[in-house]
Amino acid sequence: MKSQIILDTASFLPKYRQIVEGVTRLVEEGSLKPGDRLPSISELAASQHIAQVTVARAYQLLKRQGTVFSRHGKGFYVSFLQPASTVKIFLLFDTFYAYKEILYYALKEAVPENGQLTLFFHHYDLGVFESLINNNLGKYDYYLIMPHFNRDVGPVLSRIPREQLIILDKQVESLTEGYAAVYQDFEQDIFSGLWSARNLLRKYRKLTLVKSADPYQFIPDG
């Protein structure tokens, strides 16, 4: 089992969460069966070149979820009881700016106890974007996707059942009604702000608005 868990050192997902997801996957696919013993904390830590406290944290979380149980002085074993159904969430970001990190941890905190949040990046590469979605269709309960591109990605996103899709940070005009989206409507926000301050602004003869550079203006077309 040790060789079946591969930690991604470049991933923003903490290593203890990678262990949890790796063990859960092995149990779900039947590679680990009820009663099977997991590597000891020291064995797994040594094989993955990580701290023992990281493995211990992962094992304790697996234990709380009901995936494994422990025997005093003997180690951790796969549970004979079926753990609570895991809610799997596919999260696709463009890249990892500072505010994306804040968003990621906010989403992570909101995930239920039985939730599993897996983070991917497309880095503005349309081919990667489409492949990640195609290769993961049907594998997750919900898909949270940040589709920052200069071209229409509605046809790709429409492959995901609308009740499972949540679009983040950008509106996709070509999608029909029924899709959930969370994004900033800058035009409406500016209008509402100016309108609410209209009495204060009347004393000025001229109003100059300064617009920052569009962070997505130079996104390649893929």
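Everything that follows concerns the structure shown earlier in this document.
These notes cover the structure that comes with them.

Reading the values: rules and limits
- Residues numbered from 1 in each chain as written.
- Predicted model: local features only at pLDDT ≥ 70, side-chain atom pairs only at ≥ 80, totals over all residues.
- Heavy atoms only, no water.
- Pairing = 2+ DSSP bridges.
- Helix = DSSP H or I, 4+ residues; strand = E, 2+ residues; numbered from the N terminus.
- Axes fitted to C-alpha atoms, helices over the stretch in contact; angles between N-to-C directions.
- Contact = heavy atoms within 4.5 Å.
- Buried < 20%, exposed > 50% of the residue type's maximum accessible area, 1.4 Å probe, protein only.
- Right-handed = clockwise from strand over helix to strand, strands pointing away.

1. Considering the sheet that holds strand β7 (residues 180-182)
Reading across from one edge, β4-β3-β5-β6-β7 is the order of the 5 strands in this open sheet, with parallel pairing throughout. Either end of the sheet is taken by a strand with one partner, and the two such strands are β4 (115-121) and β7. Strand-to-strand twist in this sheet, taken as the mean axis angle between neighbours without regard to direction, amounts to 20°. In this sheet, β7 lies alongside strand β6 (residues 165-168) in parallel orientation, the contact comprising 3 bridges. Residue pairing across strands places I167 opposite A181, the latter belonging to β7. Across the sheet, helix α5 (residues 126-136) is in contact with β3 (87-93), β4 and β5 (142-145); its angle to β3 comes to roughly 170°.

2. Observations regarding the pairing of strand β2 (residues 75-78)
Bridging between strand β1 (residues 68-71) and β2 involves 4 bridges; their strand directions are antiparallel. What sits directly across from V68, in β2, is V78. Remark: 3 residues form the turn of the hairpin made by β1 and β2, two consecutive strands paired antiparallel; G73 in that turn has positive phi of roughly 80°.

3. Remarks on the pairing of β3
Burial runs high along β3: 5 of the 7 residues are buried. Between the parallel elements β3 and β4, the chain passes through helix α4 (residues 98-110) in a crossover that is right-handed. Judged from the 4 bridges that link them, β3 and β5 form a sheet pairing that is parallel. Within β5, the residue paired with L91 across the bridge is L144.

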